[in-house]
Amino acid sequence: MKIFITLAFLVVLIPQSSSAKFNQSDSIYVDSLRRNCHGAADTSRVKYQNLIASIYLKHNYDSSLAICEKNIRFIKDRYNNVSGGVREKFDLALFNAYWLTGKAFKRKNDLLRALESHQLAYDQAIVTSDPKCLRRINNSLGNIYLDKGEFAKSLMYYEDAVGYARQEKDTSFLPSILMNIGLIHVELRNDSLASHFLNRALRINIKTKKRSSESICLQNLGILESYNGRSEAAKEYISRAIAINEELNLYYHLTVNYLELGRISFELDQDTMASWKHYLKAKEYSERLNDKHIIGYVDNIIEVFELIHGNEAYLDKVQNRFFNGNYKNNQMTSGGGLVAFYKLRKNYKKALEIFEIIEQRKDSFFDLETKSSAKAAAVKMEFDKLIQEKEHEIALGDVKTELYKSKARNNLYLMVAFGTLFMMLLAIVYFWTRAKNRKLQLANLKEENLRLKVEQKNKQLSELLKQEEQKKATLKSLEIQLQEAYESASCQEAITKVQEQVVSVIKDQTEWDTFQQKFEQHYGGFLNKLVAKHPKLTTNEKKLCTLILMNHNNHEISEILYIEYNSVRMAKSRLKKKLGIQDSLDSYLFSI
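Residues numbered from 1 in each chain as written. Predicted model: local features only at pLDDT ≥ 70, side-chain atom pairs only at ≥ 80, totals over all residues. Heavy atoms only, no water.

**Thoughts on helix 14 (residues 272-289)**
Move 1: Helix length check: helix 14, at 18 residues, gives a terminal C-alpha distance of 26 Å against a target of 26 Å (1.5 Å per residue), a fit within 8%.
Move 2: Within helix 14, burial applies to Ala274, Ser275, His278, Tyr279, Ala282, Tyr285 and Ser286. With its buried residues spanning 135° around the axis, helix 14 presents them on a single face. The exposed residues of helix 14 that point more than 90 degrees off its buried face are Met273 and Lys277.
Move 3: Directly after helix 14, the chain includes Asn290, whose backbone phi takes a positive value near 60°. (Helix = DSSP H or I, 4+ residues; strand = E, 2+ residues; numbered from the N terminus. Expected span 1.5 Å × (residues − 1). Buried < 20%, exposed > 50% of the residue type's maximum accessible area, 1.4 Å probe, protein only. Arc of directions from axis to C-beta.)

Have a look at this one:
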């Protein structure tokens, strides 16, 4: 199921259709611009042509491209014959033409040609030295590299765009750029940075009363919470986004919101009925949009959802969309659904075939190496597990085959030695003992695998707790040094502020809370039971109990908690008295 989720939902918005018809106001505006072109000066004409191309960009990408290419040729033909202010206007018009060309190619999903056009626009923006042009092209280049999964380059261009937006002294564009930076950190799993940038974008949108952008920020914060497994917080953010979009009648955003709620219910809560209701709500709003591409996208997700839950009537439809469809998002979603479908039915060979096709299509779409991206890495990790399961299944199959052969040989021996009771009993005892030994070997192998998994989990938990204590020990040392400097230095006020910040970090319980959550999942609520019996235990005493439960000796505990060896012994003695037990402390904790 996770494969379907990864491919179907690692997008923030559904790509919108390019086939929308001109509305009346657009048509009137285009006619007016065309009339103005007749008899106008060259500088006005190229400006009007770019405006027409920008309007066509909302409706017909090919027409927009044709207008931009014609405008670029016109500017280049006359460029060498002009100077001064006219050349500056030509430079600006040429930048806009290249920029619009790149946007049209991007909306046609031709990222390579979009990148080429945007690079030309970037060079032209340098010529103009206009902060507005530089902000627009850096933002567009950041969007392209974000789509390609090249996050380092994307971040570089977005950061430049933020700088130029500040030079431009126009904060209206900052939220969208900050939100994109936040989304990159979501993909990279830098949760604190992602939350920082998304909340900055949200605050600006609330301050400037941009309700639509505010709803998108809320939705993305919901996605961040869902990635961290906090489904209730995620639903709260997205519900706030839905309230705004219902107020503004933004059916497109409502479709996306309900798809995201369906994903959260499906992935985190395992609530099939709730997920189904959210998908139906998304379908309702997509039909109000009357856009066949968005309706098809939602229908495809619903069909894949039905298929994964056992409704094989949708198998032909999903396969047809994957192999014969011409819409990339639907192909990727259908492919992910087919992989999950075949994996749940243990048809690993077919699942791997579909996955290989998905990887080939992703590579051909970008025509660049995409397997290094975070999304591809996540899917690869899933399939590494799948291959391991396949190998395990093959190994079990070999054992079963051997057992069947053993049974056949047993029957043969019984037929040959039927006349002799002694031979028959000997054969029965021999083969019964051999089968029992094989079962014991399998049981021992499972027990060894379980032991290794427990040791690995204990090691991860211990390392997490050790990192927390190392940070606090370092900060405690720094606090002591600051105190000594405070008593002798003249800048006592500044040192006091730094010292207060260090103390606040020492008291921070975030990493301990994360450790508790993972420890409770692995040890079946041990801490909750312990606290229920002994509610007065301190945090350090709880940490000591968890390390004892993970079979760490005194030396290892001292290294993890950054305390002396004798301090561990004293801490155990005090804990034993506090718990009021006479027997072994280890035995008592293991009995809880």
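Now that the structure has been shown, we can carry on.
**Describing unusual backbone geometry**
Move 1: With a phi angle near 60°, Lys209 is a residue other than glycine that sits in the positive phi range.
Move 2: One can find Lys209 in the loop between helix 10 (191-208) and helix 11 (211-227).
Move 3: Owing to a relative accessible area of 69%, Lys209 belongs among the exposed residues under this scheme.
Move 4: Positive phi values are uncommon outside glycine, yet Tyr562 reaches one of about 55°.
Move 5: Looking at Tyr562, the relative accessible area reads 37%, which means it is partly exposed.

**Brief notes about the confidence of the model for the protein chain**
Move 1: The pLDDT averaged across the protein chain works out to 79; a share of 81% of its residues lies at or above 70.
Move 2: Per-element confidence in the protein chain ranges from a low mean pLDDT of 38 for helix 1 (residues 2-9) to a high of 92 for helix 12 (residues 231-248).
Move 3: Note that pLDDT drops below 50 for residues 1-20; the model gives that stretch 68 contacts with residues more than four away or on any other chain. (pLDDT = per-residue confidence, 0-100. Contact = heavy atoms within 4.5 Å.)

**Considerations on the environment of Leu549**
Move 1: Structurally, the position occupied by Leu549 is in helix 24 (residues 539-549).
Move 2: Judged by relative accessible area, which is 8%, Leu549 ranks as buried.
Move 3: Not counting chain neighbours up to four residues away, the residues in contact with Leu549 comprise Phe519, Tyr523, Phe526, Leu589 and Phe590.

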